[in-house]
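# Structural overview for review
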Amino acid sequence: FIDQVSDFLCTIRSINTTDSAQLLSQFGSIKQIMSASKDELSLCPGLGEKKIHRLWEALHKPFSSKSGTKTLEKKSIPQEEDKSIPQEE
């Protein structure tokens, strides 16, 4: 479990395995890390201002799409004709 949490934290730019181990030992869980303020995160040894900002932004900023990406157009799919055999009444 700790390896998975560490892998998750290391996906954040500039957070390494030492940082993730320090965060987990200081806060105990992802939930506690997420609920920590920037000031509380700054008490964690080895985390500078940039790392704290990137960590906090990654955990609190909503996902968004890049403005330059293309949006997929919905294509209408033609309906197949009903080729079933008509039933006699």
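Heads up: the structure comes first, above all this text.
Notes on the structure follow. From a predicted model like this one, the values you see are computed outputs, not experimental measurements.

On to the overall build of the protein. A count of helical and extended segments in the protein gives 5 helices and 0 strands. For the protein, the share of sequence-separated contacts (at least 6 apart) that also reach a separation of at least 24 residues comes to 38%. Split by element, the accessible area of the protein, about 8,000 Å² in all, is 53% carbon and sulfur.

It is worth spelling out the layout of surface pockets at this point. Size it by volume and the largest pocket reaches roughly 170 Å³. In terms of lining residues, the largest pocket is bounded by Glu-57, Ala-58, Lys-61, Pro-62, Phe-63 and Ser-64. Classifying every residue of the lining of the largest pocket gives 3 nonpolar, 1 polar and 2 charged.

Before going further, it helps to examine helix H1 (residues 2-10). Those residues of H1 not exposed but buried are Val-5, Ser-6 and Leu-9. In an axial view of H1, the angular spread of the buried residues amounts to 100 degrees, which keeps them on one side of the axis. When the buried face of H1 is taken as reference, the exposed residues oriented beyond 90 degrees from it are Asp-3, Gln-4 and Asp-7. Tucked into the core, H1 has its buried residues touching helix H2 (17-27), helix H3 (30-35) and helix H5 (49-60).

A few words now on the nonpolar core. Formed by 15 residues in total, the largest nonpolar core has its most connected members in Leu-9, Leu-23, Ile-33, Leu-41 and Leu-55. For this core, the elements supplying multiple residues, two or more each, are H1, H2 and H5. Among residues more than four places away in sequence, those in contact with Leu-9 are Ile-15, Ser-20, Leu-23, Leu-24, Ile-30, Ile-33 and Leu-55.

Attention now goes to the side chain of Ser-6. You can see Ser-6 is positioned in helix H1. We classify Ser-6 as buried; its relative accessible area is 12%. Setting aside its immediate chain neighbours within four residues, Ser-6 contacts Thr-17 and Ser-20.

Further remarks concern the packing of H1 against H2. One way to put it is that H1 packs onto H2 with a least axis distance of 9 Å and a crossing angle of 120 degrees. Relative to H2, the element H1 lies oblique. When you trace H1 past H2, the crossing you get is right-handed. Listed contacts from H2 to Ile-2, Val-5, Ser-6, Leu-9 and Cys-10 of H1 are Thr-17, Ser-20, Leu-23 and Leu-24. Taken together, the residues of the contact of H1 with H2 break down into 6 nonpolar, 3 polar and no charged.

Rules used in this analysis
- Residues numbered from 1 in each chain as written.
- Predicted model: local features only at pLDDT ≥ 70, side-chain atom pairs only at ≥ 80, totals over all residues.
- Heavy atoms only, no water.
- Helix = DSSP H or I, 4+ residues; strand = E, 2+ residues; numbered from the N terminus.
- Contact = heavy atoms within 4.5 Å.
- Areas by Shrake-Rupley, 256 points an atom, 1.4 Å probe, with all protein chains shown as cover.
- 1 Å grid on protein atoms, 1.4 Å probe; cavity = no way out; pocket = protein on both sides within 12 Å on 5 of 7 lines; lining within 4 Å.
- Points joined across faces, edges and corners; volume = space filled by probe spheres on them.
- Nonpolar A, V, L, I, M, F, W, Y, C, P; charged D, E, K, R; others polar.
- Buried < 20%, exposed > 50% of the residue type's maximum accessible area, 1.4 Å probe, protein only.
- Arc of directions from axis to C-beta.
- Core = buried A, V, L, I, M, F, W, Y, C linked by side-chain atoms within 4.5 Å.
- Axes fitted to C-alpha atoms, helices over the stretch in contact; angles between N-to-C directions.
- Parallel < 35°, antiparallel > 145°, perpendicular 65-115°, else oblique.
- Left-handed = near helix turned anticlockwise from the far one by under 90°.

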